[in-house]
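Tertiary structure, described
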Amino acid sequence: ILRSHIEPLRARLREILGAETHSMAEIEKRVRVLPMTSRPVDAKVYQDSLTSLLNRKRMIVSYLTRSSGEISSRTISPQRLVYYRDNWYLDAWCHKRRGLRMFAVDAIKSSTLSSERARDIPEDYLKAVLESGYGIFSGRRTRIARLRFSPAQARWMASESWHPQQKATWDKKGNYHLRFPYSSDPELVMDLLRHIPEVEVLGPKSLRTHLN
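Summary of the structure given here. (Residues numbered from 1 in each chain as written. Predicted model: local features only at pLDDT ≥ 70, side-chain atom pairs only at ≥ 80, totals over all residues. Heavy atoms only, no water.)

This part takes up the nonpolar core. Val61, Tyr63, Ile76, Leu81, Leu90 and Phe103 are the most contacted members of the largest nonpolar core, which totals 18 residues. Elements with a minimum of two residues in this core: helix H3 (43–55), strand E1 (57–65), strand E2 (70–84), strand E3 (87–94) and strand E4 (99–104). Excluding residues that lie within four positions of it along the chain, Phe103 makes contacts with Tyr63, Arg74, Ile76, Trp88, Tyr89, Leu90, Ala92 and Cys94. Ala145, Phe149, Val199 and Leu207 belong to the second-largest nonpolar core, a separate cluster that totals 17 residues. (Core = buried A, V, L, I, M, F, W, Y, C linked by side-chain atoms within 4.5 Å. Buried < 20%, exposed > 50% of the residue type's maximum accessible area, 1.4 Å probe, protein only. Helix = DSSP H or I, 4+ residues; strand = E, 2+ residues; numbered from the N terminus. Contact = heavy atoms within 4.5 Å.)

Below is the structure:
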């Protein structure tokens, strides 16, 4: 959709950069972007997702559920296209499941645009379901994670944002305490494991169990 508009802009930027002291080739050589965990997305599926999203039309997809290995046919009404940690996700109303679902775009094996109008979900409801929890695995039923980082780790943690609704405090020993809502353990546990042994989970008990 945007390629015809973007390409002239890219050409113009290269022309401007080429006229500066540092050539575009030198910039590309010296500045690196490393997408470590990205998964390739089919170009047609991505194009259909964006077209369906912006034109407010439904889309029929064949979707791979990786946990079970099952491929199923779904009719969905896209609501948001999200780029998160080097991968694309499509937040959509699933007409088969009759609820909001998050679809990894790389797991969509085929796609067809429908002429039916997409179902529009109110913005307040989208935020309540998709933005209340921690990270990409969100949901309306949340718990509060209570973390304590050691003074050595606190210097880094104090400059990081874990959640828009997080609350942070310091204790007299220099420990950094962090509280925020989350709805699913796996992603949060993976992030916490990177900070072991400098982090202690104070609650809830179910989250502590994963790190013991």
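After that view of the structure, there is still more to cover.
Further remarks concern the packing of aromatic side chains. A ring pair, where both rings are aromatic, is described by two values, the distance of the centres and the angle of the planes. Scanning the entire structure with this criterion turns up 7 aromatic pairs. Seen in terms of ring centroids, Tyr83 and Trp88 are 4.8 Å apart; in terms of plane orientation they differ by 50°. Their pairing is tilted. Among the aromatic residues, those joined into a ring-pair cluster are Phe149, Trp162, Trp170, Tyr176 and Phe180. Across from the ring centre of Trp93, 4.0 Å away, lies the NZ or CZ of Arg119, which sits over that ring. (Phe/Tyr/Trp six-rings, centres within 6.5 Å; stacked < 30°, edge-to-face > 60°. Lys NZ or Arg CZ within 6 Å of the ring centre and 35° of its normal.)

The next subject is H3. Here H3 is 13 residues long and its end C-alpha atoms lie 18 Å apart, about the 18 Å a rise of 1.5 Å per residue gives. Inspection of H3 places Val45, Asp48, Ser49, Leu50, Thr51, Ser52 and Leu53 among the buried residues, and these make up the whole buried set. Those residues of H3 hidden inside the fold are in contact with E1, E2, E3 and strand E5 (108–117). For H3, the N-terminal cap is Asp42; the gap from its side-chain oxygen to the backbone nitrogen of Lys44 is 2.9 Å. (Expected span 1.5 Å × (residues − 1). Polar contact = N/O pair within 3.5 Å; in protein donor to acceptor, adjacent residues only side chain to side chain.)

The subject of this paragraph is the environment of Asp120. Position of Asp120 among the secondary structure elements: in the loop between E5 and helix H4 (123–130). Setting aside chain neighbours within four positions, we find Asp120 in contact with Arg56 and Gln79. Within the structure, Asp120 has its side chain in polar contact with the side chain of Arg56 (distance 2.6 Å).

With respect to topology, 4 strands assemble into an open sheet ordered E7-E8-E6-E9, the strand pairing being antiparallel. The sheet is open, and its two edges are formed by strand E7 (167–170) and strand E9 (199–203), each paired on a single side. On average, each strand axis in the sheet is inclined to that of its neighbour by 25°, with strand direction left out of account. In this sheet, strand E8 (residues 176–182) lies alongside E7 in antiparallel orientation, the contact comprising 4 bridges. Bridge pairing in E8 links Thr169 to His177. (Pairing = 2+ DSSP bridges. Axes fitted to C-alpha atoms, helices over the stretch in contact; angles between N-to-C directions.)

Glancing now at the sheet that holds E1. Across the sheet, which stays open at both edges, the 5 strands sit in the order E4-E3-E2-E1-E5 with antiparallel pairing between neighbours. Strands at the two margins of the open sheet, each flanked by one partner only, are E4 and E5. Put simply, the sheet's adjacent strands are angled 45° from each other on average, direction ignored. Set on the sheet, H3 makes contact with E1, E2, E3 and E5; between it and E5 the angle comes to about 25°.

Everything listed here is a matter of geometry and, on its own, says nothing about what the molecule does.
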